[in-house]
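The lines below spell out each chain.
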Amino acid sequence: MPQRNKTIGIFSHVDGGKTTLMEAILYQNGVIQTIGNVNKGTTVLDNEPIERRRKITFSSKPVSFTVQDKPYTFIDTPGHMDLTFEMERILQVVDIAVLIVSATDGVTGYAETIFELCRQYDVPVLIFVNKTDVETVDLENVKQDLLNFSDNILTYDNNSLTDSNEFLEEWAMFDDNWLDFMLSQKEITKEQKLQFLSTAINQKKIIPTIYGSALTFSGVLELLELLDIVKIEPSQDTKPIAQIYKITHDKNNICHVNAKVLSGAFHSKEKVTFRQSENLLKINEIFYPEGNQLVKTDLAKEGDIVTMTGLAEGSPGQFLGGEELTQSEIPEDALLTREPVYEVQVLPVEDHQYDEMVKQFYLLSTEDPMLRLRYKREANELYISIVGVIQMEYLKETFMQRFNIEIEFLAPSVLYKETITESVIGYGHFEPLRHYAEVALKLEPGHPGQGIVGKNDCSRETLDINFQSRVMAHISEKEHLGVLTGSPLTDVTVTLLSGQAFYPETKGGDFRQATYRAIRQGLMKIKESSQVLEPWYSLKIAVPSDLIGKVSADIIKMSGNIEPIVETTNGMTIIEGDVPVSNFTDYPLTFASFTKNKGRIGTNLKGYFPCQNQQQVVDSMGYNPETDLDNTPNSIFFKKRQWL
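Residues numbered from 1 in each chain as written. Predicted model: local features only at pLDDT ≥ 70, side-chain atom pairs only at ≥ 80, totals over all residues. Heavy atoms only, no water.

## Details of the overall build of the protein chain
Then, in step 1: Across its full length, the protein chain carries 17 helices and 32 strands.
Then, in step 2: Taken over C-alpha atoms, the radius of gyration comes to 27 Å for the protein chain, in line with the 26 Å a tight globule of 644 residues would show.
Then, in step 3: By its C-alpha atoms, the protein chain is 85 × 60 × 60 Å across when sized along the principal axes.
Then, in step 4: Among the 644 residues that make up the protein chain, the fraction classed as buried is 52%.
Then, in step 5: Of the contacts formed within the protein chain by residues at least 6 apart in sequence, a portion of 74% connects residues at least 24 apart.
Then, in step 6: About 30,200 Å² of surface is accessible on the protein chain, with carbon and sulfur atoms providing 48% of the total.
Then, in step 7: The distance from the centre of the 61 positive side-chain charges to the centre of the 90 negative ones in the protein chain is 4 Å. (Helix = DSSP H or I, 4+ residues; strand = E, 2+ residues; numbered from the N terminus. Rg over C-alpha atoms; globule rule 2.2 N^0.38 Å. Buried < 20%, exposed > 50% of the residue type's maximum accessible area, 1.4 Å probe, protein only. Contact = heavy atoms within 4.5 Å. Areas by Shrake-Rupley, 256 points an atom, 1.4 Å probe, with all protein chains shown as cover. Lys, Arg positive; Asp, Glu negative; His and termini not counted. Charge placed at Lys NZ, Arg CZ, Asp CG, Glu CD.)

## Considering the packing of helix α10 (residues 354-367) against helix α11 (residues 389-403)
Then, in step 1: Across the interface, α10 lies against α11 with an axial gap of 12 Å and an inter-helix angle of 110 degrees. Judged on the interaxial angle alone, α11 and α10 are roughly perpendicular. In this structure, α10 meets α11 at a crossing whose hand is right-handed. In this structure, α10 contributes Met 357, Gln 360, Phe 361, Leu 363, Leu 364 and Glu 367 to the contact, and α11 contributes Leu 395, Thr 398, Phe 399, Arg 402 and Phe 403.
Then, in step 2: Among the residues making up the contact of α10 with α11, the classes are represented as seven nonpolar, two polar and two charged. (Axes fitted to C-alpha atoms, helices over the stretch in contact; angles between N-to-C directions. Parallel < 35°, antiparallel > 145°, perpendicular 65-115°, else oblique. Left-handed = near helix turned anticlockwise from the far one by under 90°. Nonpolar A, V, L, I, M, F, W, Y, C, P; charged D, E, K, R; others polar.)

## A word on a nonpolar patch on the surface
Then, in step 1: A cluster of nonpolar side chains, Ile 556, Ile 562 and Ile 565, forms an exposed patch at the surface whose accessible area comes to about 230 Å².
Then, in step 2: You can see Ile 562 is positioned in strand β29 (residues 561-562). (Patch = residues over 30% accessible without salt bridge, like charges linked within 9 Å, V, L, I, M, F, W, Y side chains within 5 Å. Salt bridge = Lys/Arg side-chain N within 4 Å of Asp/Glu carboxyl O.)

## Considering empty space enclosed by the protein
Then, in step 1: Taken as a whole and judged by the stated rule, the model has one cavity of 30 Å³ or more.
Then, in step 2: Estimated volume of the largest cavity: approximately 40 Å³.
Then, in step 3: Lining the largest cavity we find Glu 339, Pro 340, Arg 372, Leu 415, Tyr 416, Lys 417, Pro 488 and Tyr 608. (1 Å grid on protein atoms, 1.4 Å probe; cavity = no way out; pocket = protein on both sides within 12 Å on 5 of 7 lines; lining within 4 Å. Points joined across faces, edges and corners; volume = space filled by probe spheres on them.)

## Comments concerning the environment of Val 67
Then, in step 1: Examined against the element boundaries, Val 67 turns out to sit in strand β2 (residues 61-67).
Then, in step 2: The sequence separation of Val 67 and Asp 228 amounts to 161 residues, and the corresponding C-alpha distance is 9.7 Å.
Then, in step 3: The contacts of Val 67, once residues within four sequence positions are left out, are Asn 29 and Tyr 72.

## Structural notes on the sheet that holds strand β24 (residues 424-430)
Then, in step 1: Sheet architecture is open: four strands sit in the order β24-β25-β27-β26, paired in mixed fashion. Edge positions in the sheet fall to β24 and β26 (452-456), since each of these pairs with one other strand and no more. On average, each strand axis in the sheet is inclined to that of its neighbour by 25 degrees, with strand direction left out of account.
Then, in step 2: Packing of helix α12 (residues 465-477) onto the sheet brings it into contact with β25 (437-445), β26 and β27 (492-500), and relative to β26 it is tilted by some 165 degrees.
Then, in step 3: Running at roughly 145 degrees to β24, helix α13 (residues 510-525) makes contact with β24, β25 and β27 of the sheet. (Pairing = 2+ DSSP bridges.)

## Description of the packing of aromatic side chains
Then, in step 1: Under the definition given, this model contains 21 aromatic pairs.
Then, in step 2: Ring geometry for Trp 178 against Phe 196: centres 5.5 Å apart, planes inclined by 55 degrees, an arrangement best described as tilted. Pair noted here: Trp 178 is in helix α7 (residues 176-184) and Phe 196 is in helix α8 (residues 190-202), with a separation of 18 residues, a long-range link.
Then, in step 3: These aromatic residues form a ring-pair network of at least three members: Tyr 156, Phe 167, Trp 171, Trp 178, Phe 181 and Phe 196.
Then, in step 4: Its end group placed over the ring of Tyr 211, Lys 143 keeps NZ or CZ at 5.3 Å from the ring centre.
Then, in step 5: Sitting over the ring of Tyr 383, Arg 374 keeps its end group 4.5 Å from the ring centre. (Phe/Tyr/Trp six-rings, centres within 6.5 Å; stacked < 30°, edge-to-face > 60°. Lys NZ or Arg CZ within 6 Å of the ring centre and 35° of its normal.)

## Quick look at a negative patch on the surface
Then, in step 1: Together, Glu 350, Asp 351, Glu 406 and Glu 408 line one region of the surface with negative charge.
Then, in step 2: Topologically, Glu 408 is positioned in strand β21 (residues 407-409).

## A word on the side chain of Glu 86
Then, in step 1: Note that Glu 86 resides in helix α3 (residues 84-91).
Then, in step 2: Judged by relative accessible area, which is 19%, Glu 86 ranks as buried.
Then, in step 3: Looking at Glu 86, its side chain comes within polar contact range of the side chain of Ser 60, at 2.6 Å.
Then, in step 4: Excluding residues that lie within four positions of it along the chain, Glu 86 makes contacts with Phe 58, Ser 59, Ser 60, Pro 78 and Lys 246. (Polar contact = N/O pair within 3.5 Å; in protein donor to acceptor, adjacent residues only side chain to side chain.)

## A word on unusual backbone geometry
Then, in step 1: The residue after Tyr 503, namely Pro 504, is reached through a cis peptide bond having omega 0 degrees.
Then, in step 2: Within the secondary structure layout, Pro 504 lies in the loop between β27 and α13.
Then, in step 3: Phi angles above zero are rare outside glycine, and Asp 122 is one such case at about 60 degrees.
Then, in step 4: Unlike most non-glycine residues, Phe 217 shows phi in positive territory, near 75 degrees.
Then, in step 5: Its location among the elements puts Phe 217 in the loop between β7 (207-211) and α9 (220-229).
Then, in step 6: Of the residues examined, Phe 217 reaches a relative accessible area of 25% and is grouped as partly exposed.

## Some remarks on the pairing of strand β16 (residues 305-309)
Then, in step 1: With five of its five residues buried, β16 lies for the most part within the structure.
Then, in step 2: With burial as the criterion, each face of β16 is covered, one bearing Ile 305, Thr 307 and Thr 309 and the other bearing Val 306 and Met 308.
Then, in step 3: As defined by bridge partners, strand β9 (residues 255-263) adjoins β16 across five bridges and the pair is classed as antiparallel. In the strand pairing of β16, Asn 258 is matched with Thr 307.
Then, in step 4: One ladder, built from three bridges, connects strand β13 (residues 285-290) with β16; its direction is antiparallel. Paired with Glu 285 across the two strands is Thr 309, which belongs to β16.

## A closer look at the nonpolar core
Then, in step 1: Among the nonpolar cores identified, the biggest contains 46 residues, and Met 357, Phe 361 and Ile 384 are the most heavily contacted of them.
Then, in step 2: Those residues in contact with Phe 361 that sit more than four places away from it in its chain are Val 346, Leu 373, Leu 382, Ile 384, Phe 399 and Ile 407.
Then, in step 3: Core analysis: the second largest hydrophobic core is formed by 40 residues, Ile 25, Phe 128, Ile 188 and Val 230 among them. (Core = buried A, V, L, I, M, F, W, Y, C linked by side-chain atoms within 4.5 Å.)

## Observations concerning the packing of α12 against α13
Then, in step 1: The geometry of α12 relative to α13 is characterised by a closest axis approach of 9 Å and an angle of 50 degrees between their N-to-C directions. Taken together, the axes of α12 and α13 are oblique relative to one another. Considering the relative orientation of α12 and α13, their crossing is right-handed. Of α13, the residues touching α12 (which contributes Phe 467, Val 471, His 474, Ile 475 and Glu 477) are Phe 511, Arg 512, Thr 515 and Tyr 516.

## As for the side chain of Asp 368
Then, in step 1: Here Asp 368 shows up in the loop between α10 and β19 (374-376).
Then, in step 2: Within polar-contact distance, the side chain of Asp 368 engages the side chain of Arg 89 at 3.0 Å.
Then, in step 3: In this view, Asp 368 contacts Arg 89 and Gln 391; residues no more than four positions away in its chain are not counted.

Written out as structure tokens, the structure is:
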């Protein structure tokens, strides 16, 4: 059976050498004839002006080619912490992740983040230790750093599968199946070794690690051979299903849906549907990335990375299926594990471009839903969610390049959330002329990190099952806002208790209105006991040992906590702990200054916890829930009924 397309994601921290490795891979496989240089801005994939100026990757780009009738798609990904959303979306659709670790930097916090996400998404990992040709590199320290990172990392080279090589025995320490096979066989063929090795990598029992240099091609062929060894089993499902990982728009404003076909096949001109949509949409055209060009095709089959046009409703993380599929046969949207922790107000430099700027930001939000636009119509203010300043810089460049609009940002502020601390029942009644819907929802405090969870405790005798399904969908489809600061509501369980419909007055959207109003009405009833939540970072800081005391004291001053300190062998000490994001915002710059850039900071969002200065935050936000017409608690023609 011919091998299906194999998707390889290339991941690393900034300056790890992703783009240089991609250039080497493309050159080795005849896709390009000349090696580009990142410093000179001549690489194939980093072709945006800001990428060539800053010499880092800002947006992912796929490139496909075939080697000996075996198709591959490699995806180069951003390496900056501010751009983790795009990196994570790519990770959702790759078959194998190549994690690059720079020998000059060791295992950074961002590398640990990537590795942890690979675990969460069950993606097999290969490690390429780059820049080993740099004279100042201490490979023993690098190897120790990797062993601290994960104990099943094994050095691999082109002699690893020879019978006398210690790699085979080291591998057996982590793979009982391979150990049993070794002990039961007098002689093992190369084909058997390759088969067991592919299985071990796919099952994440071992992480083969290659030492080399992308700049000099050292280790690149070994990496390609290892990628060829890993076999990807075809799906047992023949239903046409694909996952969207990215949305872009071309210069004519045509929406391009970038997706991976997970099973079955799609053809141009056929119709598809989404799980949360009742509409059928037609695929106009299908393209696949050949080199750095898009090539038109009529067929997208399992494993292919393609671009489709005509699907205006698509969003990153969504799955689409053939028109013959029911909505329940299409997987639920793939959510990201990370989220933005800052919000910033954005303004055009030229006031007369404000409306156009808002319009184009809504377009960008279809490409990146994590921007989470918040437009205050009454004040004519637009806010977006961000991760950090690099993302803001990229947005500035994007607006100028794509829309010829110069934008600026005010000072970012921390994104808060809200939850409840007691239970309440909210009622929603929507009954304008020729419409009717009525619901009762119980709101209860949930577990930290659960988000909004919907439950159904409504009798079919009270409300038809089709209307119940609509209410449950409306509970989860919207980002409901709290009533203290207008921040997103989280960690709440919403249970449908009862409802009423009336034929023929009840229309399609009536229960949406009733549901939204019932949640809001319940929140208003317990406003005084609501809780503001603030984000906390978990920290992993590598610092010269003589600065342990200063960094530890800084964390405590920021109301953070520290774990027992572990000193490493290379003169650096690892400090782990956690800290409120609001107190940590400016610290990385201060840290870089007093460590003279010899330390490194890794942060992950630990979660949201009760705000330490809630009243101060509420006062500063100045939110009035009664004037928020987009989130009203009021029912239309509401009548108090005893129907529970």
